[in-house]
Amino acid sequence: MDRQQEFVLRTMEERDIRFVRLWFTDVLGFLKSVAVAPAELEGAFAEGIGFDGSAIEGLARVFEADMLVRPDPSTFQVLPWRGEHQGTARMFCDILTPDGEPALADPRYVLKRALARAAGHGLTFYTHPEIEFYLVKDGFAPGAEPEPVDNAGYFDHVARGTTHDFRRAAITFLESMGISVEFSHHEGGPGQNEIDLRYADALTTADNIMTFRSVVKEVALEQGTYATFMPKPFPEHPGSGMHTHLSLFEGDRNAFHEAGAQYQLSKIARQFIAGLLTYSSEITAVTNQWVNSYKRLWGGGEAPSYICWGHNNRSALIRVPMYKPDKGNSTRIEYRAIDPACNPYLSFALMLAAGLRGIEDSLELPDGAEDDVWSLTDAERRAMGIKPLPASLDEAIRVMEASELVAETLGEGVFDFFLRNKRSEWAEYRRQVTPFELDRYLTML
């Protein structure tokens, strides 16, 4: 038993932890959990806990159903909403086959494979998400439009506002679980909020996003409201994105920074951006995996619809922020298409794979767009070589199906399942449309 495992067992005894929830995700990014008693944890570290993998979306077929979850002790945290006494803790898990090999369809392992490829280049991938979501009044009825908790707007300070107390409670829980928060504020839509997590390596960030979604929903229910990460719950209000800042480091040096270069961007950074632009349409079915995602992408409100990059241009797919141009470690790029209802493990894996392909193939970065891309005519965009992102989930699926990069990064099992599931999603939407969105998405997302 290593020191981290010993620390977990000792902490559980000292803090009177009675249950441990072992967390992992299915291919669609929904959190799964099994609770074990403390007495079982030492065995779980050594051998894992068995479960029926065929019952989890996309994980295994019926004839290969036996799987194991093995907890990662470095992710141990006490769940603050379960109380101080006889509490509950959680750990994220890796999914294994009965012979102890990583399960190829485990989203966490898909990301680990992509990170290992980056490590082969001597690079570490860091991410920093800005997560938007809506708070609506509890008790919405099937087929009825939900009601936001307030009518405030961007950065509004509302005296005794519901969202002030909500954000304070959520951030207190997050930080008690070791998840650092950088900013929080009211967003542009009524009842819409944003909480930005501090940057971390991509695997830690993906774990943090899954925890974040649970914390936000728990706090909302505790306060008599409901939180939804649905990308576009209100057609007349801004959608919810998860703009994600990306950077690559070589040891302690930011590989994206080059002093004196245009926008301080190194050659590696420019090639990485070129890769993301080249493969953005192919990865969109994963970073924006729901029918509703495309209502956000093509619904205005600063959502990116066209494949281009720009310096400080919030209408571009990729933005180069310039908050601190003289601070080398702050050089980064912002990918603006991804939404908060994605599977973060698969999305980060594909964003990294696309960028690395740009580096490996020495792709040239096209000229940036400095105009509001939405305000340009189709002819002007064509003249600039700016192409649109997929306009629907159906189109995104067809583009993804032909993608060698996505198939290689996700692995055959995840790739095939994702295509089947999303085709079914699109067919179901075409049959039900509005009731499907309001009744299913709000409760799922």
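Because the structure is predicted, anything quoted here is derived from the model rather than measured. (Residues numbered from 1 in each chain as written. Predicted model: local features only at pLDDT ≥ 70, side-chain atom pairs only at ≥ 80, totals over all residues. Heavy atoms only, no water.)

Turning to the packing of helix α5 (residues 202-222) against helix α8 (residues 344-360), a few remarks are in order. α8 packs onto α5 with a crossing angle of 150° between their chain directions and a minimal axis gap of 9 Å. What the angle tells us is that α5 and α8 run roughly antiparallel. Crossing handedness for the pair α5 and α8: right-handed. Each of A202, L203, T205, A206, D207, I209, M210 and R213 in α5 lies in contact with α8, whose residues at this interface are P344, Y345 and F348. (Axes fitted to C-alpha atoms, helices over the stretch in contact; angles between N-to-C directions. Helix = DSSP H or I, 4+ residues; strand = E, 2+ residues; numbered from the N terminus. Parallel < 35°, antiparallel > 145°, perpendicular 65-115°, else oblique. Left-handed = near helix turned anticlockwise from the far one by under 90°. Contact = heavy atoms within 4.5 Å.)

This part is about the nonpolar core. With 120 residues, the main nonpolar core has F272, L276, Y335 and L410 as its most contacted residues. Among the elements that line this core, the one with the most residues is α8, at 11 residues. Here Y335 is in contact with M242, H243, T244, L246, L276, S280, I283, L317, I318 and M351, once residues within four sequence places are set aside. Among the nonpolar cores identified, the runner-up in size contains 6 residues, and Y306, A316, A369 and V373 belong to it. (Core = buried A, V, L, I, M, F, W, Y, C linked by side-chain atoms within 4.5 Å. Buried < 20%, exposed > 50% of the residue type's maximum accessible area, 1.4 Å probe, protein only.)

What the rule picks out here adds up to 2 cavities of 30 Å³ or more. Volume-wise, the second largest cavity comes out at about 40 Å³. What lines the second largest cavity is simply F24, T25, F92, C93, D106, R108 and Y345. When residues of the lining of the second largest cavity are traced back to their parent elements, those giving at least two are β1 (17-25) and β6 (87-96). Split by residue class, the lining of the second largest cavity holds 4 nonpolar, 1 polar and 2 charged. (1 Å grid on protein atoms, 1.4 Å probe; cavity = no way out; pocket = protein on both sides within 12 Å on 5 of 7 lines; lining within 4 Å. Points joined across faces, edges and corners; volume = space filled by probe spheres on them. Nonpolar A, V, L, I, M, F, W, Y, C, P; charged D, E, K, R; others polar.)

Further remarks concern the side chain of S392. Of note, S392 is situated in the loop between β18 (387-388) and α10 (393-401). Here E395 takes part through its backbone nitrogen, which lies 3.1 Å from a polar atom of the side chain of S392. Ignoring any residue separated from it by four or fewer positions in sequence, one finds S392 in contact with Y294 and W426. (Polar contact = N/O pair within 3.5 Å; in protein donor to acceptor, adjacent residues only side chain to side chain.)

Moving on, we come to the packing of aromatic side chains. Taken as a whole and judged by the stated rule, the model has 17 aromatic pairs. Look at F133 and F229: their rings are 5.6 Å apart centre to centre, the planes differ by 50°, and that puts the pair in the tilted class. Linking F133 in strand β7 (residues 124-137) with F229 in the loop between β11 (225-228) and β12 (244-250), this pair joins segments that are 96 residues apart in sequence. As far as the burial class goes, F133 and F229 line up, both buried. In this structure an aromatic cluster arises from ring pairing among F133, F166, F212 and F229. One residue, K422, lies across the ring of W290, its end atom 3.7 Å from the ring centre. A cation over an aromatic ring shows up here: K422 above the ring of F418, its NZ or CZ 5.6 Å from the ring centre. (Phe/Tyr/Trp six-rings, centres within 6.5 Å; stacked < 30°, edge-to-face > 60°. Lys NZ or Arg CZ within 6 Å of the ring centre and 35° of its normal.)

As a further point, take the pattern of salt bridges. Evaluated as defined, the whole model comprises 17 salt bridges. With a shortest N-O distance of 3.2 Å, R108 and D72 are connected by a salt bridge. Highlighted residues: R108 in helix α3 (residues 107-120) and D72 in the loop between β4 (66-71) and β5 (77-78), separated in sequence by 36 residues. By relative accessible area, R108 is classed as buried at 3%. Judged by its relative accessible area of 15%, D72 is buried. Between E408 and R357 there is a salt bridge, with the nearest N and O atoms lying 4.0 Å from each other. With E408 in helix α11 (residues 404-410) and R357 in helix α8, this residue pair connects regions lying 51 residues apart in the sequence. Looking at E408, the relative accessible area reads 45%, which means it is partly exposed. The exposure class of R357 is buried, given its relative accessible area of 10%. (Salt bridge = Lys/Arg side-chain N within 4 Å of Asp/Glu carboxyl O.)

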